[in-house]
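Geometric and topological summary
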Amino acid sequence: LNHMSLPKVLINHNYYTTLQKDKKASKYLRENLSHANFLIKAMHQRATNILRVCEEIVLRQYSFFENGIEHLKPMTLKDIAESIEVNESTVSRVTTGKYMSTPQGLFELKYFFSSAAGSYIGNDDTSTKVIKHKIKELIENEDKKHILSDDKIVQILGQEGIKIARRTVTKYRESMSIPTSAERKRIKRA
């Protein structure tokens, strides 16, 4: 955790002890000290949950951290929640708006979660993000004289052992705002 960015609650015990002598202020001080202690415990628990979730992400995605996006594994919030024995909503809150600095770059914690896609070799170890990355790479590297259709992308991915339907390639391509093969032909001719 980046402790510099975490909020801090400080209690001035000297001030508390001095004001404790005043009977009118005493009850008010005890109540507020109790609230402050509760807040400190809650913040500590939050930091602990963030660390536990991050440690589990690193354990499950170690191959990604070492080798890049092609090694990102499917993983859900539920997987992490069950593993560290917290509620799925806790994992969701912990991963929202938080980032991890990795050897591959800076990523929002939500980035590491994606569903699995089937493959011809019989495992579900291919993340949808990996497939999207492969589709994007294929299109970025296509020859302008031989623009890849969605069907051709399905065939190429099939040769790599990734079983995916043409309509899924279309859906992924559109979600990345990549034009159709016909539109790409027109763009590359111009």
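What comes next is a walk through the structure. Model, not experiment: these values are computed from the prediction.

Procedures and definitions
Position numbers for residues start from 1 in each chain and track the written sequence from start to end. Local features in this predicted model are restricted to residues whose pLDDT is 70 or higher, and side-chain atom pairs enter the listing and the counts only when it is 80 or higher, whereas totals over whole chains, interfaces and linings include all residues. Hydrogens and water are ignored here; the side-chain numbers use all heavy atoms of the structure. Only strands that DSSP links by at least two bridges are regarded as paired with each other. Strands are runs of DSSP state E lasting at least two residues, helices are runs of H or I lasting at least four, and both sets are numbered from the N terminus onward. Burial here depends on accessible area, computed with a 1.4 Å probe over protein chains only, as a share of the maximum for the residue type. Under 20% is buried, over 50% is exposed, and the range in between is partly exposed. By salt bridge we mean one thing: a side-chain nitrogen of Lys or Arg within 4 Å of a carboxyl oxygen of Asp or Glu. Interaxial angles span 0 to 180 degrees and are taken between N-to-C directions of axes, which are lines fitted to C-alpha atoms, for helices over the stretch in contact. By definition in this entry, angles of less than 35 degrees are roughly parallel, angles greater than 145 are roughly antiparallel, angles of 65 to 115 are roughly perpendicular, and the rest are oblique. Crossing handedness: left-handed means the near helix sits turned counterclockwise from the far one by under a right angle, and right-handed means the same turn made clockwise. Whether two residues are in contact is decided by their heavy atoms: any pair within 4.5 Å suffices. Here the nonpolar group is Ala, Val, Leu, Ile, Met, Phe, Trp, Tyr, Cys and Pro; Asp, Glu, Lys and Arg are the charged ones; every other residue, Gly included, is treated as polar.

Two strands pair when backbone bridges link them, and strand S1 (residues 99–102) and strand S2 (residues 105–108) are joined in this way by 4 bridges, in the antiparallel orientation. Pairing of Tyr99 across the sheet is with Glu108, part of S2. Counting the residues in the hairpin turn of S1 and S2 gives 2 residues.

Our next topic: unusual backbone geometry. Even without a glycine there, the phi angle at Glu85 is positive, about 60 degrees. Looking at where Glu85 falls in the secondary structure, it is placed in the loop between helix H4 (77–84) and helix H5 (88–95). The class of Glu85 is exposed, set by a relative accessible area of 73%. In this model, Ser177 sits at a positive phi of 60 degrees, which is unusual for a non-glycine residue. Its place among the elements puts Ser177 in the loop between helix H8 (166–175) and helix H9 (181–189).

On to the pattern of salt bridges. Scanning all chains against the criterion turns up 7 salt bridges. Across the pair Glu56 and Arg60 runs a salt bridge whose closest N-O atoms are separated by 3.0 Å. Taken as a pair, Glu56 and Arg60 lie in helix H2 (residues 23–60) at a separation of 4 residues, close to a single helical turn. The class of Glu56 is buried, set by a relative accessible area of 12%. Residue Asp151 is joined to Arg166 by a salt bridge in which the shortest nitrogen-to-oxygen separation is 4.0 Å. Here Arg166 lies in helix H8 and Asp151 lies in helix H7 (residues 150–159), a separation of 15 residues in the sequence. By relative accessible area, Asp151 is classed as partly exposed at 46%. Of the residues examined, Arg166 reaches a relative accessible area of 41% and is grouped as partly exposed.

With that settled, consider the packing of H4 against H5. At their nearest, the axes of H4 and H5 sit 8 Å apart, and the two run at 110 degrees to each other. For the element pair H4 / H5, the angle class is roughly perpendicular. Handedness of the H4/H5 crossing: right-handed. Along the contact surface, H4 presents Leu77, Lys78, Ile80 and Ala81, while H5 presents Glu88, Val91, Ser92 and Thr95. Here the contact of H4 with H5 is built from residues that sort into 4 nonpolar, 2 polar and 2 charged.

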